[in-house]
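Given next are the chains, with one letter for each unit.
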Amino acid sequence: VADADETFYRVRKVEADLGLRASLGGLHRIEFILGYRNAAFGEGQQPVVETIFAREDMPGFVSGYHLLRADLKIEIDSRSPDRSYNPGSGARLELFGSFNIDPAQSQRHFFTWGAEGALFWDFSGVNHVLAFRVYAEFVEQSGDIEVPFSELIVLGGDRMRGFPDGRLRGASAFVATFDYRYPISAIFDASLFLSLGNVFEKHLGGFGLGNMHLSWGLGLRTNVSRDASFAILVAFGSNRLGCLGQVGQDRTCSSETFTVENTRFLIGVN
């Protein structure tokens, strides 16, 4: 929602996971996780504004919920795990899904599924890599009770890096990303990226260029391994592209021109 309509809530979560991750050779991986989550909500620094969304209209807000879940993820990556002596060209496919059920309310159950595909072109042969990624994810209600709002798909953080984690939330999501990485020292790569995406209604309902946000930025990351890296990142997120000329007509638009809605600085491990 627009800045003027921001609301706050408090959440308490208790989680436990038990997982198995196995290598299938090279960068191919398979992961299976059994998990439990309990969540309870309350008002935050400012009350939840009833005119924007009544608390009873936010599934899971009033009563909280318990979830038992089973996650499965398969990663297929044709690149060599050894960066030092191999070019960075290749392809990567990640398939993932999850089934969730509330043991306290057996009619609340749902599943999520999605995929991310990526192509990498090392045009120099020494890890000057252009990459294009496409990601899509969906949540499907399979029981009579709606999916808790906090279990919807979120963007921000790892995807749409110019926004904080959870800034964008919906029943489906789509992101396309262009990325250029190149070595600047023996252990560091520089990275430039541009993403176009957003969350949508069920099955990408409302999908269109006007409903997309842009996210772009630059960063540094260690280049010792393709599996993990230490990274420093500065990223920016825009308002929706369809907001141009829509102020006064669309209450979720805070500006009728292209503006930077969010700036994010990150130091962390990928």
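This write-up is about the structure you can find in this document. (Residues numbered from 1 in each chain as written. Predicted model: local features only at pLDDT ≥ 70, side-chain atom pairs only at ≥ 80, totals over all residues. Heavy atoms only, no water.)

### Re the overall build of the chain
We count it as follows: Secondary structure is summarised from DSSP: a helix means a run of H or I of at least four residues, a strand means a run of E of at least two, and numbering begins at the N terminus for each. Whether a residue is buried, partly exposed or exposed follows from its accessible area with a 1.4 Å probe, protein chains only, as a fraction of its type maximum: under 20%, in between, or over 50%, in that order. Here, residues are in contact when the closest pair of their heavy atoms is within 4.5 Å. The Shrake-Rupley method, run with a 1.4 Å probe sphere, supplies the accessible areas, and residue values consider only the shown protein chains as cover.
Scanning the chain from N- to C-terminus turns up zero helices and 13 strands. Reading the chain from its N terminus to its C terminus gives the helix and strand order β-β-β-β-β-β-β-β-β-β-β-β-β. For the chain, the proportion of its 270 residues judged to be buried stands at 40%. A separation of at least 24 residues holds for 60% of the contacts in the chain among residues at least 6 apart in sequence. Surface summary for the chain: the accessible area is close to 14,200 Å², and the carbon and sulfur share equals 60%.

### Things to note about the side chain of Asp-102
Structurally, Asp-102 is set in strand β4 (residues 90-102). Those residues within four positions of Asp-102 in sequence are excluded, and the remaining contacts are Tyr-65, His-66, Leu-67 and Arg-108.

### Quick look at the packing of aromatic side chains
Inclusion rule: Centres within 6.5 Å are what make two rings of Phe, Tyr or Trp a pair, Trp counting through its six-membered ring; a difference in plane orientation under 30 degrees is then read as stacked, over 60 as edge-to-face, and the rest as tilted. The criterion for a charge sitting over a ring is simple: Lys NZ or Arg CZ within 6 Å of the ring centre, and within 35 degrees of the ring normal.
For the structure shown, the criterion picks out 12 aromatic pairs. Among the aromatic residues, those joined into a ring-pair cluster are Trp-121, Phe-123, Tyr-180 and Tyr-182. The side chain of Arg-79 reaches across the aromatic face of Phe-120, ending 3.9 Å from its centre. The side chain of Arg-161 reaches across the aromatic face of Phe-193, ending 3.8 Å from its centre.

### Considering the pattern of salt bridges
Let me state the cut-off plainly: Whenever a carboxyl oxygen of Asp or Glu lies within 4 Å of a side-chain nitrogen of Lys or Arg, that contact is scored as a salt bridge.
Across all of its chains, the model carries 17 salt bridges by this definition. Notably, a salt bridge pairs Asp-102 with Arg-108, separated by 3.2 Å at the nearest N-O pair. Across the pair, exposure class does not vary: Asp-102 and Arg-108 are buried alike. A salt bridge links Arg-159 to Glu-116, with the shortest nitrogen-to-oxygen separation between them at 3.2 Å.

### Comments concerning the side chain of Glu-116
What counts here: N or O atoms closer than or at 3.5 Å make up a polar contact, with two conditions inside protein: a donor-capable atom paired with an acceptor-capable one, and, for residues adjacent in sequence, both atoms drawn from side chains.
Counting through the fold element by element, Glu-116 comes out in strand β5 (residues 105-122). Engagement of the side chain of Glu-116 in a polar contact is seen with the side chain of Arg-159, the distance being 3.2 Å. Other than its neighbours up to four places away in sequence, Glu-116 contacts Arg-92, Leu-93, Glu-94, Phe-96, Arg-133, Val-134, Tyr-135 and Arg-159.

### Topic: the nonpolar core
Stated formally: We define the nonpolar core as a collection of buried residues of types Ala, Val, Leu, Ile, Met, Phe, Trp, Tyr and Cys that are connected through side-chain atoms lying within 4.5 Å of one another.
Judged by nonpolar contacts, the single largest core of 21 residues is most densely connected at Phe-41, Tyr-135, Val-139, Leu-155 and Ala-173. At the level of secondary structure, the elements contributing two or more residues to this core comprise β2 (28-43), β3 (65-77), β6 (129-141), β7 (153-155) and β9 (172-183). The contacts of Tyr-135, once residues within four sequence positions are left out, are Phe-96, Ala-115, Glu-116, Ile-153, Leu-155, Arg-159, Ala-173, Phe-174 and Val-175.

### Re unusual backbone geometry
Generally, phi is negative for residues other than glycine and the peptide bonds are trans, each holding for most cases. The phi angle at His-203 is positive, at roughly 55 degrees, despite the residue not being glycine. Mapped onto the elements of the fold, His-203 is located in the loop between β10 (188-200) and β11 (213-222). Look at Leu-204: it is not a glycine, yet its phi comes out positive at around 60 degrees.

### Section: the environment of Ile-74
With respect to the helices and strands, Ile-74 occurs in strand β3. Between the alpha carbons of Ile-74 and His-28 there is a distance of 7.8 Å; along the sequence they are 46 residues apart. Apart from residues lying up to four places away in sequence, Ile-74 is in contact with Arg-29, Ile-30, Leu-93, Glu-94 and Leu-95.

### Looking at a nonpolar patch on the surface
For the record, the criterion: Candidate patch residues must exceed 30% relative accessible area and have no salt bridge, after which like charges are joined if within 9 Å and Val, Leu, Ile, Met, Phe, Trp or Tyr side chains if within 5 Å.
The grouping of Ile-184, Leu-220, Phe-230, Ile-232, Phe-265, Ile-267 and Val-269 at the surface amounts to a nonpolar patch, some 660 Å² of accessible area in total. Within the residue set of the nonpolar patch, elements represented by two or more residues are β12 (230-238) and β13 (260-269). With three residues, the top contributor of residues to the nonpolar patch is β13. Here Ile-184 lies in the loop between β9 and β10.

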